[in-house]
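# Examining the three-dimensional arrangement
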Amino acid sequence: MPDETLPPNPTAAQPTVLKPSHEPQLVLLRHGQTEWSASGQHTGRTDLPLTADGEAQARSAGATLAGYEFAAVLTSPRMRARRTAELAGHAGAVVDEDLAEWDYGPVDGRTSRDVSEILGRDFRIFDDGVRVLPPSAEHGEGRPGETLDQVAVRAARVVARAEEVLRGTGPGAGGHVLLVAHGHLLRVLATVWLGVDPRLGARFELGTAAVCLLGYGHGLRTIEGWNLAAQ
């Protein structure tokens, strides 16, 4: 067992601490590592806990965002996101069902390689969707899964609620907003923020416990930072 009385290693990597913008930002935080995120298995409604590494990542993300004061914090209902929010210092995050990960249906629990082998060609989820496979009792409990457009509609509702705080006039208006959610959902949300085709989310890599910063510039919604401090 390690000697817990030893002082911290001064050469160990320390979390990057982000300096908040003076203008309101929509801050995105992907949940920490799970067994399936580590193995590349699509994880939609399947509710997995964080690994020990994932919990450490969540704490590190909290340190990265320690300089921020958030007017609102919303989280996906999935335990991996709620636990990430808690470990990052936001145990009081409000659950928003629209922040749940893409319902992958028959792709849930499978890797992209698995699906490619079944199809006999490369599987690209942002182009193909998840309904390229028939419903399966073993994957997605027989659900057909969501279309990309359905995920984008949910993401648009989240953006609308966030902007009530970011640009509204009520309590907390003009403050930063934090969303704690999932890789594909947040990538789709970024395309909604920019007003572009959600299929472009395929080009936005997003690591576990990564932070992204969305804001405003010259009257436009902008991306001010992406995949920051990714684990």
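For the structure, see preceding data.
A quick note: this is a predicted structure, and the numbers were derived from the prediction, not measured.

## Describing the environment of A210
When you line up the elements, A210 lands in the loop between α7 (183-194) and β5 (211-217). Judged by relative accessible area, A210 falls into the buried class, the value being 0%. Placed 178 residues apart in sequence, A210 and G32 show a C-alpha to C-alpha distance of 8.3 Å.

## Here's the deal with the sheet that holds strand β2 (residues 70-75)
Judged by pairing direction, the sheet is mixed, and its six strands sit side by side in the order β3-β2-β4-β1-β5-β6 without closing on themselves. Across the chains shown, the open sheet's two edge strands, defined by having one partner strand only, are β3 (94-95) and β6 (220-228). Direction of pairing for strand β1 (residues 26-30) relative to strand β4 (residues 176-181): parallel, over a ladder of five bridges. The residue bridging L28 from the neighbouring strand is L179, located in β4. Packing against the sheet, helix α6 (residues 148-166) makes contact with β1, β2, β4, β5 and β6, and its axis sits at approximately 155 degrees to β4. Where α7 meets the sheet, its contacts fall on β1, β4, β5 and β6, and the angle it forms with β6 comes to roughly 155 degrees.

## Section: the packing of aromatic side chains
Counting across every chain of the model gives five aromatic pairs. Ring plane angle 75 degrees and centroid distance 6.0 Å describe the contact between W102 and F126, whose orientation is recorded as edge-to-face. Placement of the pair is W102 in the loop between β3 and α4 (112-119) and F126 in helix α5 (residues 125-128), with a sequence separation of 24 residues. For the pair shown, W102 and F126 are each scored as buried.

## Here we look at a nonpolar patch on the surface
Together, L194, V196, L200 and I223 make up an exposed nonpolar region whose accessible area comes to about 270 Å². Since its relative accessible area comes to 33%, V196 is described here as partly exposed.

## Focus on the pairing of β2
Most of β2 is tucked away, with five of its six residues classed as buried. In terms of strand pairing, β2 meets β4 through five bridges, oriented parallel. Opposite F70, over in β4, you have H176 as the bridge partner. Summarising the sheet, β2 and β3 pair through two bridges and their orientation is parallel. The partner of T75 across the bridge, within β3, is V95. The parallel pair β2 and β3, bridged by helix α3 (residues 79-87), forms a crossover whose chirality is right-handed.

## With respect to the nonpolar core
One recurring pattern in soluble globular proteins: nonpolar side chains tend to sit buried together. Counting residues in each nonpolar core, the largest one holds 40 residues, and the members touching the most others are L26, L28, L99, V177, L179, L189 and W226. Broken down by secondary-structure element, the contributors of at least two residues to this core are β1, β2, α5, α6, β4, α7 and β5. Considering each element in turn, this core owes the most residues, nine residues, to α6. Discounting chain neighbours no more than four positions away, the residues touching L28 are L179, L186, L189, A210, V211, C212, L214 and W226. Residues L29, L65, F70 and A88 belong to the second largest nonpolar core, which totals 16 residues.

## Focus: unusual backbone geometry
In this structure, A209 takes a positive phi of about 60 degrees despite not being glycine. For A209, the position within the fold is in the loop between α7 and β5. The class for A209 is buried, based on a relative accessible area of 1%. The backbone phi angle of N227 is positive, close to 55 degrees, even though this residue is not glycine. By the element assignment, N227 lies in strand β6.

## Quick notes on the pattern of salt bridges
In the structure shown here, the tally under the stated rule is 15 salt bridges. Close ionic contact of R83 with E86 constitutes a salt bridge, the shortest N to O distance being 3.2 Å. One end of the pair is R83 and the other is E86, both in helix α3 and three residues apart, which spans about a single turn. Across the pair R124 and D122 runs a salt bridge whose closest N-O atoms are separated by 3.9 Å. Given a relative accessible area of 52%, R124 falls into the exposed group. Here D122 falls in the exposed class, since its relative accessible area comes to 54%.

Reading guide: rules and limits
- Residues numbered from 1 in each chain as written.
- Predicted model: local features only at pLDDT ≥ 70, side-chain atom pairs only at ≥ 80, totals over all residues.
- Heavy atoms only, no water.
- Helix = DSSP H or I, 4+ residues; strand = E, 2+ residues; numbered from the N terminus.
- Buried < 20%, exposed > 50% of the residue type's maximum accessible area, 1.4 Å probe, protein only.
- Pairing = 2+ DSSP bridges.
- Contact = heavy atoms within 4.5 Å.
- Axes fitted to C-alpha atoms, helices over the stretch in contact; angles between N-to-C directions.
- Phe/Tyr/Trp six-rings, centres within 6.5 Å; stacked < 30°, edge-to-face > 60°.
- Patch = residues over 30% accessible without salt bridge, like charges linked within 9 Å, V, L, I, M, F, W, Y side chains within 5 Å.
- Areas by Shrake-Rupley, 256 points an atom, 1.4 Å probe, with all protein chains shown as cover.
- Salt bridge = Lys/Arg side-chain N within 4 Å of Asp/Glu carboxyl O.
- Right-handed = clockwise from strand over helix to strand, strands pointing away.
- Core = buried A, V, L, I, M, F, W, Y, C linked by side-chain atoms within 4.5 Å.

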